[in-house]
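Analysis of the macromolecular model
Read off the chains here:
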Amino acid sequence: MIDGKTLTKANMAEKLFNKVGLNKREAKDIIDLFFEEVRLSLERGEQVKLSGFGNFELRDKKERPGRNPKTGKEIPIKARRVVTFRAGQKLRSRIKSYAGSD
Amino acid sequence: MTKSKLIEELVLKQSSLSHKDIDLSVKTILELMVEALENGERVEIRGFGSFSLHERAARQGRNPKTGDLVDLPKKYVPHFKPGKELRSRVNKNFTN
């Protein structure tokens, strides 16, 4: 993990405002709609493939035995569906070269 | 769902922006996220998730063709941690 600055929806909106020329309201709306659309697709059980970026995939996990780490008591971890992200080739190669902060 | 389908959906849902503006916005959003990660920054979208870089230590590997040892330098890989809302929404309709 690397410490440092964080890109949030607020500074993303600021940059869309500068780069694309949307007003602040429109920029905020389109960012919210974009992430909501990805969530809706995943909620329907549909993967999302964003070329140049990566794929959001769904994995179905079976029930497995687990343990409460505090009490040591055995409790089953229920079957569930989880989201995983697979970075695309282009994203990977652009990141790999990051020199690091140390 | 692909990027172009996602853009089509947003065009249908958003009446005030043109197709061209939405297309450019989506591409810009993705580019901004890549640029942030490229600079070693995190991306944090509440209710969706966060992206960060994870370090992979330098190691020795082998060329699978020749079997020669090669030094693989330390590198970084992107990592996504789904947010609370995304996790629960994806799991909501899931029963086995």
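Up top you'll find the structure we're talking about.
No experiment lies behind these values; they were computed from the predicted model shown.

Some words on the overall build of chain A
Within chain A one finds three helices and six strands. Seen in sequence order, chain A has helices and strands lined up from the N terminus as β-α-α-β-β-β-β-β-α. Structurally, chain A occupies a C-alpha span of about 55 × 40 × 30 Å along its principal axes. The proportion of buried residues among the 102 residues of chain A is 35%.

Digging into the sheet that holds strand E2 (residues 48–50) of chain A
Pairing is antiparallel in the open sheet, where three strands are placed in the order E2-E3-E6 (chain A). The strands lining the two open edges of the sheet, one partner per strand, are E2 and strand E6 (80–87) of chain A. Direction aside, neighbouring strands of the sheet carry axes that sit 25° apart on average. Examined bridge by bridge, E2(A) and strand E3 (residues 54–61) of chain A share three bridges and lie antiparallel to one another. Bridge assignment links A:Val48 to a residue of E3(A), and that residue is A:Phe56. Lying on the sheet, helix H3 (residues 84–92) of chain B is in contact with E3 and E6 of chain A; it crosses E6(A) at an angle near 125°.

What about the sheet that holds strand E2 (residues 49–56) of chain B?
Here four strands make up an open sheet; going across it, the order is E1(A)-E1(B)-E2(B)-E5(B) and the pairing mixed. Unpaired on one side and paired on the other, strand E1 (6–7) of chain A together with strand E5 (75–82) of chain B mark the two borders of the sheet. One ladder, built from three bridges, connects strand E1 (residues 42–45) of chain B with E2(B); its direction is antiparallel. Each bridged residue has a counterpart across the sheet, and for B:Val43 the counterpart in E2(B) is B:Phe51.

Details of the side chain of A:Arg39
Turning to its location among the elements, A:Arg39 is positioned in helix H2 (residues 24–43). Here A:Arg39 is in contact with B:Arg46, B:Gly47, B:Phe48, B:Glu85, B:Leu86 and B:Arg89, once residues within four sequence places are set aside.

A few points about the environment of B:Ala57
Position of B:Ala57 relative to the elements: it lies in the loop between E2 and strand E3 (59–62). Separated by 23 residues in sequence, B:Ala57 and B:Phe80 place their C-alpha atoms 19 Å apart.

What about the packing of H2(A) against helix H1 (residues 3–13) of chain B?
Packing of H2(A) against H1(B) brings their axes to within 10 Å, and their N-to-C directions diverge by 125°. Overall, the two elements H2(A) and H1(B) adopt an arrangement that is oblique. For the pair H2(A) and H1(B), the crossing hand works out as right-handed. Here A:Ile30, A:Leu33, A:Phe34, A:Glu37, A:Val38 and A:Leu40 of H2(A) come into contact with H1(B), specifically with B:Leu6, B:Glu9, B:Leu10 and B:Lys13.

How each quantity is defined
Residues numbered from 1 in each chain as written. Chains lettered and ligands numbered in written order. Predicted model: local features only at pLDDT ≥ 70, side-chain atom pairs only at ≥ 80, totals over all residues. Heavy atoms only, no water. Helix = DSSP H or I, 4+ residues; strand = E, 2+ residues; numbered from the N terminus. Buried < 20%, exposed > 50% of the residue type's maximum accessible area, 1.4 Å probe, protein only. Pairing = 2+ DSSP bridges. Axes fitted to C-alpha atoms, helices over the stretch in contact; angles between N-to-C directions. Contact = heavy atoms within 4.5 Å. Parallel < 35°, antiparallel > 145°, perpendicular 65-115°, else oblique. Left-handed = near helix turned anticlockwise from the far one by under 90°.

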